[in-house]
Amino acid sequence: MIPAVNLIPAHRLEARRRRRRLRAWLVATCFWAIILASLWTAAWVGLTGPDRALARQLQNAQQQLAHTHAAISDLRPQLVDAEASLAAGRRIGDEPDWALLLALLSRWLDEKAVLTRARLAPLNDPPRPDEELDLRQRYQLELTGLAASQAEVSRVVLRLEQAPIFDSVKLVHTQREPFLNDQSAVGFHIECRLTR
């Protein structure tokens, strides 16, 4: 059995994980800085008299506010860069690498069968009333080609049916076609459905 294939490149997945970690560290750092400043202020108020404590608390709050604004200003360009990288990563990372699908197709065909055309298109099937709403993207892959014999066409269909990435494989039609010097081949048209 062929193992499941993740069509999203590994470097894109790793970049997505790095951006998530950076964002989590930034949020955690700001959160702990605010908590420590609050605890320090509360301790200072408890150790000094009420009038002086209020004045010092106000002064400390102003200093803390100035430091917080400075920290936010320092982090803002990093956040903008991280958000831009995240947006770009989403646009690119959500697109599968279809070259892997073509490489797999070449493995499932041998020297007795060739593709003359491959077409991949998204499907927009309306859900049936008894089905749950499924937001996964579905595609139809149409393969047209030539094979040495009808038996070879059957072998190609069987290999595609055994592939774990296809939900269904359907042989639409076959027909005899001229090929090279007075030889004939079997032309085929296959439709495969896959879910991403």
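Right above here is the structure, for reference.
Cut-offs and rules
- Residues numbered from 1 in each chain as written.
- Predicted model: local features only at pLDDT ≥ 70, side-chain atom pairs only at ≥ 80, totals over all residues.
- Heavy atoms only, no water.
- Pairing = 2+ DSSP bridges.
- Helix = DSSP H or I, 4+ residues; strand = E, 2+ residues; numbered from the N terminus.
- Axes fitted to C-alpha atoms, helices over the stretch in contact; angles between N-to-C directions.
- Contact = heavy atoms within 4.5 Å.
- Core = buried A, V, L, I, M, F, W, Y, C linked by side-chain atoms within 4.5 Å.
- Buried < 20%, exposed > 50% of the residue type's maximum accessible area, 1.4 Å probe, protein only.
- Arc of directions from axis to C-beta.
- Expected span 1.5 Å × (residues − 1).
- Polar contact = N/O pair within 3.5 Å; in protein donor to acceptor, adjacent residues only side chain to side chain.
- Phe/Tyr/Trp six-rings, centres within 6.5 Å; stacked < 30°, edge-to-face > 60°.

### Let's talk about the sheet that holds strand S1 (residues 113-123)
- The strand order across the open sheet formed by four strands is S1-S2-S4-S3, and the pairing between neighbours is antiparallel. Edge strands, defined here as strands with exactly one partner in the open sheet, are S1 and strand S3 (166-179). Neighbour-to-neighbour, the strand axes of the sheet open up by a mean angle of 15°, direction not taken into account.
- Here helix H3 (residues 98-108) sits on the sheet in contact with S1, strand S2 (138-147), S3 and strand S4 (183-195), set at roughly 35° to S2.
- Of the strands in this sheet, S1, S2, S3 and S4 touch helix H4 (residues 150-162), which is tilted by about 160° from S3.

### Here we look at the nonpolar core
- Counting residues in each nonpolar core, the largest one holds 23 residues, and the members touching the most others are Trp-108, Leu-141, Leu-160, Phe-166, Ile-190 and Cys-192.
- Of all the secondary-structure elements, those providing two or more residues to this core are H3, S2, H4, S3 and S4.
- What Ile-190 contacts, discounting residues up to four positions off in sequence, is Leu-141, Glu-142, Leu-143, Val-156, Val-157, Leu-160, Val-169, Lys-170, Leu-171 and Val-172.

### Some thoughts on the pairing of S2
- In terms of residue burial, S2 counts as a mostly covered element, since eight of its 10 residues are buried.
- The pairing of S1 with S2 spans 10 bridges and is classified as antiparallel. Bridge pairing in S2 links Arg-117 to Thr-144.
- Relative to S4, S2 runs antiparallel, the two sharing 10 bridges. Each residue of the ladder has a partner; that of Ala-147, found in S4, is Val-186.

### Looking at H3
- Within H3, burial applies to Leu-101, Leu-104, Leu-105 and Trp-108. Within H3, the buried residues cover an arc of 105° as seen down the axis, which keeps them to one side. Among the exposed residues of H3, those oriented more than 90 degrees off its buried face are Leu-102 and Arg-107.
- Among the structural elements, S2, H4 and S3 are those in contact with the buried residues of H3.

### Some points on H4
- Over its 13 residues, H4 runs 19 Å from end to end, which matches the ideal 18 Å to within 8%, given 1.5 Å per residue.
- Of the surrounding secondary structure, the elements contacted by the buried residues of H4 are H3, S1, S2, S3 and S4.

### Some points on the side chain of His-189
- Inspection of the secondary structure assignment puts His-189 in strand S4.
- By relative accessible area, His-189 is classed as buried at 13%.
- At 3.3 Å, the side chain of His-189 and the side chain of Thr-144 are in polar contact.
- Once you skip the residues sitting within four places of it in the chain, His-189 turns out to touch Glu-142, Leu-143, Thr-144, Lys-170, Leu-171, Val-172 and His-173.

### Structural notes on the packing of aromatic side chains
- Here the structure, examined in full by the defined rule, presents one aromatic pair.
- For the pair Phe-31 and Trp-32, a centre-to-centre distance of 5.6 Å together with 75° between the ring planes defines the contact as edge-to-face.
- Assessed through its relative accessible area of 48%, Phe-31 is described here as partly exposed.

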